[in-house]
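Here are the chains, one letter per residue:
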Amino acid sequence: SGIGRNWPWASGGSSILAEFGTLHLEFVHLSHLSGNPVFAEKVMNIRKVLNRLDKPEGLYPNYLNPSSGQWGQHHVSIGGLGDSFYEYLLKAWLMSDKTDEEGKKMYYDAVQAIETHLIRKSSGGLTYIAEWKGGLLEHKMGHLTCFAGGMFALGADGAPNDKTGHHIELGAEIARTCHESYDRTSMKLGPEAFRFDGGVEAIATRQNEKYYILRPEVIETYMYMWRLTHDPKYRQWGWEAVEALEKHCRVDGGYSGIRDVYNNHESHDDVQQSFFLSETLKYLYLLFSEDDLLPFEHWVFNTEAHPLPVLHKDNGNKEENQK
């Protein structure tokens, strides 16, 4: 029909932050390849709308109504529905060879708000990123949110006010928490979500959050932390994940997700997700590769781990050399 529709469950048919906010790298790249600026202009317009809007406590809710231009319900998540929007603010700046000042400012402002309102430390000393629902915190962290450790570390270099070390430390803390979520299961594979309430820490307490579907986010963070610090524990933690995947997820036809990572007996879900190949295995491969394979100064990974070239200011020559 040519008519766009949103999901009815998405806060009254709102658009989802991670969806409309995660086009930037691809559309800018498309403008670069085609020589047609219209694609980059479209995503820049989305960003301008978001920049102008009043944000509750500086946070970006997960839902925006495309008709009214107003936020839907005030639910904020650095995991599902929100995650890659923040990643793309940072990566748009990196892909522009650090010339996209608007993207840079929006990213560091967002991190400041996340740190103030969402990042908490458990009584056991684990740093986690909670979810925000209308001003109330839900002390739950999704596996998807674990990508943020790598994001904080990747963005550390440009952090304002001499906060580079602080952002690296934040990345390391998130990596440690996410490793604990793996370590505290029977299978040494992390659950879909884990909680910090009712006396538990980094453990899934609800049956519908105990599954693992071959997700890459924890390994993604290990890869970034390894590249940026060369602390050998990240390769060690990555290898623990390799052994667990081989032991519990490998089946005759490939690799399968697991229904309950706290159970001693595998119950496979009989699905090999496409992101297992494009992300989980790729990030593991990069974790154990030399740094000059897809080096960060020349490549940015989109949210599905596809490498896109940094558009260097003296563009043509460098890019030809990369081919």
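Residues numbered from 1 in each chain as written. Predicted model: local features only at pLDDT ≥ 70, side-chain atom pairs only at ≥ 80, totals over all residues. Heavy atoms only, no water.

Participant: Sorry, what's going on with the sheet that holds strand β3 (residues 75-76) here?
Facilitator: Strand pairing in a sheet relies on backbone hydrogen bonds, with the paired strands running either antiparallel or parallel. Spatially, three strands are ordered β3-β6-β7 in an open sheet, and the strand pairing comes out antiparallel. Every interior strand has two partners, whereas the edge strands, β3 and β7 (136-138), have only one. Here two bridges tie β3 to strand β6 (residues 131-133), and the two strands are oriented antiparallel to one another. Residue pairing in the sheet places H75 in a bridge with K133 of β6. (Pairing = 2+ DSSP bridges. Helix = DSSP H or I, 4+ residues; strand = E, 2+ residues; numbered from the N terminus.)

Participant: Looking at this structure, how should I read the state of the cysteines?
Facilitator: In a disulfide, the sulfur atoms of two cysteines are held together by a covalent bond. Counted according to the given criterion, the structure contains one disulfide. Put simply, C146 and C178 are joined by a disulfide, and their sulfur atoms are 2.0 Å apart. Around the S-S axis, the bridge from C146 to C178 shows a dihedral of about -95 degrees and counts as left-handed. Of this pair, C146 sits in the loop between β8 (140-142) and α6 (148-154) while C178 sits in helix α7 (residues 164-183), placing them 32 residues apart in sequence. Exposure remark for C146: the relative accessible area of 1% places this residue in the buried category. The class for C178 is buried, based on a relative accessible area of 1%. Here C249 stays unpaired: no disulfide links it, and the sulfur of C146, its closest cysteine neighbor, is 16 Å away. Residue C249 is classed as buried on the basis of its relative accessible area, which comes to 0%. (Disulfide = S-S within 2.5 Å. Buried < 20%, exposed > 50% of the residue type's maximum accessible area, 1.4 Å probe, protein only.)

Participant: Looking at this model, I keep getting lost on the environment of N264. Mind explaining?
Facilitator: Take N264: it is sitting in the loop between β11 (254-255) and α10 (274-287). Expressed as a C-alpha distance, the spacing of N264 and S186, which sit 78 residues apart in the sequence, is 6.1 Å. Those residues within four positions of N264 in sequence are excluded, and the remaining contacts are S186 and M187. (Contact = heavy atoms within 4.5 Å.)

Participant: How should the UniProt feature "binding site: Ca(2+)" (unreviewed entry) in the protein chain be read in this particular structure?
Facilitator: Per the UniProt record, the feature "binding site: Ca(2+)" (unreviewed entry) sits at T303. Within the secondary structure, T303 sits in the loop between β12 (299-301) and β13 (307-309). Within the local environment of T303, its side chain forms a polar contact with the side chain of E87, the two groups lying 3.2 Å apart. (UniProt positions renumbered as here; feature names shortened; annotations may be inferred. Polar contact = N/O pair within 3.5 Å; in protein donor to acceptor, adjacent residues only side chain to side chain.)

Participant: Can you help me understand the nonpolar core in this one?
Facilitator: Buried together is how nonpolar side chains tend to be arranged in soluble globular proteins. Membership of the largest hydrophobic core comes to 89 residues, with the highest contact counts inside it found for L50, Y60, Y86, I129, M141 and F152. Here this core gets nine residues from one element, more than from any other, and that element is helix α4 (residues 83-95). Excluding residues within four positions of it along the chain, Y86 makes contact with L17, Y60, V76, S77, I78, Y107, A110, I114 and M151. (Core = buried A, V, L, I, M, F, W, Y, C linked by side-chain atoms within 4.5 Å.)

Participant: Quick question: what am I supposed to make of the pattern of salt bridges here?
Facilitator: In the structure shown here, the tally under the stated rule is 17 salt bridges. Across the pair R47 and E102 runs a salt bridge whose closest N-O atoms are separated by 3.1 Å. Of this pair, R47 sits in helix α3 (residues 38-52) while E102 sits in helix α5 (residues 101-117), and the two are 55 residues apart along the sequence. A residue is classified by how much of its surface remains accessible, and R47, at 4% relative accessible area, is buried. Here K105 makes a salt bridge to D109, at a shortest N to O gap of 2.5 Å. Of this pair, K105 and D109 are both found in helix α5, four residues apart, which corresponds to roughly one turn of the helix. We classify D109 as partly exposed; its relative accessible area is 42%. (Salt bridge = Lys/Arg side-chain N within 4 Å of Asp/Glu carboxyl O.)

Participant: Looking at this structure, I do not really get helix α9 (residues 233-249). What am I missing?
Facilitator: Because an α-helix completes one turn every 3.6 residues, residues spaced three or four positions apart along the sequence face the same direction. With 17 residues, α9 should reach 24 Å at 1.5 Å per residue; the first-to-last C-alpha distance of 23 Å fits that figure. Taken together, the buried positions of α9 are occupied by Y234, W237, G238, A241, V242, A244, L245, H248 and C249. The inward-facing, buried residues of α9 contact α7, α8 (217-229), β10 (250-251), β11 and α10. (Expected span 1.5 Å × (residues − 1).)

Participant: Whenever I open this one, the side chain of R227 confuses me. Can you help?
Facilitator: On the secondary structure map, R227 appears in helix α8. Side-chain polar atoms of R227 contact the backbone oxygen of L293, separated by 2.6 Å. In this view, R227 contacts L286, E290, D291, L293, L294, P295 and F296; residues no more than four positions away in its chain are not counted.

Participant: Help me out: how do you make sense of the environment of P61 in this one?
Facilitator: Relative to the elements of secondary structure, P61 occurs in the loop between α3 and β2 (63-64). Taking the relative accessible area as the measure of exposure, P61 reaches 0% and is therefore buried. Expressed as a C-alpha distance, the spacing of P61 and V76, which sit 15 residues apart in the sequence, is 4.6 Å. Non-local contacts of P61, meaning those with residues more than four positions away in its chain, are made with L17, P56, W71, Q73, H74, H75 and V76.

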